Amino acid sequence: MTFRQEYANASFFFEGLTGSPAHEELIHKVQDFIATENLYLAANREVETKLQNLNNEFHYTKERNPIHSIHTRIKAPLSIIQKLQKRGLDLTVQSARENLTDIAGVRVICSYIEDIYLVANMLVSQDDVELVRTSDYIRDPKPNGYRSLHHIVKIPVFLSNRKEKVNVEIQFRTIAMDYWASLEHDLNYKLSKEKTVSIDRELKEVAEEMAQIDERMQALYNVVLKDMDTRK
Ligand code: 0O2
């Protein structure tokens with residue numbers, strides 16, 4: 001199912017349309033949604049381009065790539081609805097725009113921990129990037145072992161007649177952190193609620209082992225970087 005089809009099935013899309021559908025109102029809601037989707041797609045593209053430019057600069061000037069891969073996503077309509085419901089907020093496109101900071105999301109996978117902070121700091125130093133909030137789950141992992149650096153930034157999107165500042169959630173992780181988070185999400189999704197408790201401790205231990213591996217890989221990489229420096 002495409003995002004648009006999924007959205008069309010979502011209840012808040014039709015919220016307020018009782019009885020026989022008022023077509024004009026429906027058309028406005030569709031237009032509102034499409035404009036919103038476009039805005040967040042544009043914001044993701046802008047962040048992705050900035051990150052690619054930084055990575056390319058490193059490739060050409062320092063012969064290395066701090067970024068392993070970049071993934072973008074627009075939050076699924078049902079997740080948007082669930083988040084609004086959980087917070088007791090209006091189920092409308094406008095409410096989602098005003099209250100949710102993670103409709104646009106960019107995941108940046110780095111090979112090494114230090115590159116996470118290097119890339120994240122270079123990005124938020126750019127004068128059109130406004131840092132709204134940071135959650136550093138690498139320095140302070142979540143109780144279940146989840147690690148990542150989250151930045152919420154505001155980025156200007158230039159439209160035909162105006163500029164809009166759009167929130168984007170950027171998650172910076174190492175390959176190891178991403179491996180853990182993907183599998184943890186998958187395991188918890190597949191397992192019934194009562195049974196997740198039984199694997200929680202094991203998952204946390206795995207997260208800690210992965211964190212140690214990240215540190216060891218960083219130490220090895222530092223040796224390589226030093227060697228590259230001496231050869232210059
Ligand atoms: P999805 O589908 O990835 O978007 P905030 O967004 O800051 O207002 P929230 O949602 O508590 O509030 O933020 P938090 O805890 O920083 O987490 C945001 C996102 O981080 C989540 O998005 C996940 O992508 C990821 N995340 C956080 N904790 C975990 C975890 O324990 N395991 C895994 N695998 N991922 C995690 P969503 O909204 O859950 O979903």
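What you are looking at is a predicted structure, and each value in this text was computed from that prediction instead of being measured.

How each quantity is defined
Residues numbered from 1 in each chain as written. Predicted model: local features only at pLDDT ≥ 70, side-chain atom pairs only at ≥ 80, totals over all residues. Heavy atoms only, no water. Phe/Tyr/Trp six-rings, centres within 6.5 Å; stacked < 30°, edge-to-face > 60°. Helix = DSSP H or I, 4+ residues; strand = E, 2+ residues; numbered from the N terminus. Buried < 20%, exposed > 50% of the residue type's maximum accessible area, 1.4 Å probe, protein only. Lys NZ or Arg CZ within 6 Å of the ring centre and 35° of its normal. Expected span 1.5 Å × (residues − 1). Near = heavy atom within 4 Å. Polar contact = N/O pair within 3.5 Å; in protein donor to acceptor, adjacent residues only side chain to side chain. Areas by Shrake-Rupley, 256 points an atom, 1.4 Å probe, with all protein chains shown as cover. Nonpolar A, V, L, I, M, F, W, Y, C, P; charged D, E, K, R; others polar. Pairing = 2+ DSSP bridges. Axes fitted to C-alpha atoms, helices over the stretch in contact; angles between N-to-C directions. Contact = heavy atoms within 4.5 Å. Salt bridge = Lys/Arg side-chain N within 4 Å of Asp/Glu carboxyl O.

Enquirer: Help me out: how do you make sense of the packing of aromatic side chains in this one?
Expert: Scanning the entire structure with this criterion turns up two aromatic pairs. Between the aromatic rings of Tyr112 and Tyr221, the centroid separation amounts to 3.8 Å while the plane-to-plane angle is 5 degrees, which identifies the pairing as stacked. One end of the pair, Tyr112, is in the loop between strand 2 (104–110) and helix 5 (113–124); the other, Tyr221, is in helix 7 (residues 193–230), and 109 residues separate them in sequence. Relative accessible area serves as the criterion here: at 12%, Tyr221 is assigned to the buried category. Directly above the ring of Tyr137 sits Lys142, whose terminal nitrogen or CZ lies 4.9 Å from the centroid.

Enquirer: How should helix 5 be read in this particular structure?
Expert: A turn of α-helix holds 3.6 residues, and therefore any two residues three or four places apart point the same way. For helix 5, built from twelve residues, the straight-helix expectation of 16 Å at 1.5 Å per residue is met to within 8% by its first-to-last C-alpha distance of 17 Å. Every buried residue of helix 5 is accounted for by Ile113, Asp115, Ile116, Tyr117, Val119, Ala120 and Leu123.

Enquirer: What is the right way to read the site of the ligand from this model?
Expert: Taken together, 17 residues are adjacent to the ligand, and Arg73, Arg87, Arg133, Lys142 and Asn144 come closest. Here an oxygen atom of the ligand sits 2.9 Å away from a polar atom, N or O, in the side chain of Lys83. Here an oxygen atom of the ligand and a side-chain polar atom of Arg87 are 2.8 Å apart. Starting from 750 Å² of accessible surface for the ligand in isolation, the protein chains cover 68%. Elements with a minimum of two residues in the shell around the ligand: strand 5 (163–174) and helix 6 (175–190). Tallied by class, residues from the shell around the ligand come to three nonpolar, four polar and ten charged.

Enquirer: Looking at this structure, I do not really get the sheet that holds strand 3 (residues 130–136). What am I missing?
Expert: Read across the open sheet, the five strands follow the order 1-2-5-4-3; overall the sheet is mixed. Each end of this open sheet is capped by a strand with a single partner; those strands are strand 1 (67–74) and strand 3. The mean angle between the axes of side-by-side strands here comes to 25 degrees, regardless of whether they run parallel or antiparallel. Taken together, the ten bridges between strand 4 (residues 149–158) and strand 5 define a ladder with antiparallel strand orientation. Looking at strand 5, one finds that Lys154 is bridged to Asn167.

Enquirer: What exactly am I supposed to notice about unusual backbone geometry here?
Expert: With phi around 55 degrees, Glu63 is a residue other than glycine that occupies positive phi space. Summarising the element assignment, Glu63 is placed in the loop between helix 2 (23–62) and strand 1. When its relative accessible area of 65% is taken as the criterion, Glu63 is described as exposed.

Enquirer: So what exactly am I meant to see when it comes to the environment of Met228 here?
Expert: Within the element layout of this structure, Met228 appears in helix 7. The sequence separation of Met228 and Lys62 amounts to 166 residues, and the corresponding C-alpha distance is 9.4 Å. When near neighbours in sequence (up to four residues on either side) are disregarded, Met228 contacts Lys62 and Glu63.

Enquirer: Whenever I open this one, the pattern of salt bridges confuses me. Can you help?
Expert: For side chains bearing opposite charge, pairing can occur when the charged atoms are close. Inspection of every chain in the model, using the stated rule, returns eight salt bridges. Residue Asp115 pairs with Arg64 through a salt bridge whose shortest N-O separation is 3.1 Å. Here Asp115 is found in helix 5, whereas its partner Arg64 is found in the loop between helix 2 and strand 1, with 51 residues between them in sequence. Arg64 carries the same exposure label as Asp115, and that label is buried. Asp102 is paired through a salt bridge with Lys83; the nearest N and O atoms lie 2.8 Å apart. Here Asp102 is found in the loop between helix 4 (93–99) and strand 2, whereas its partner Lys83 is found in helix 3 (residues 77–86), with 19 residues between them in sequence. Among the charged side chains, a salt-bridge network with shared partners connects Lys75, Lys83 and Asp102.

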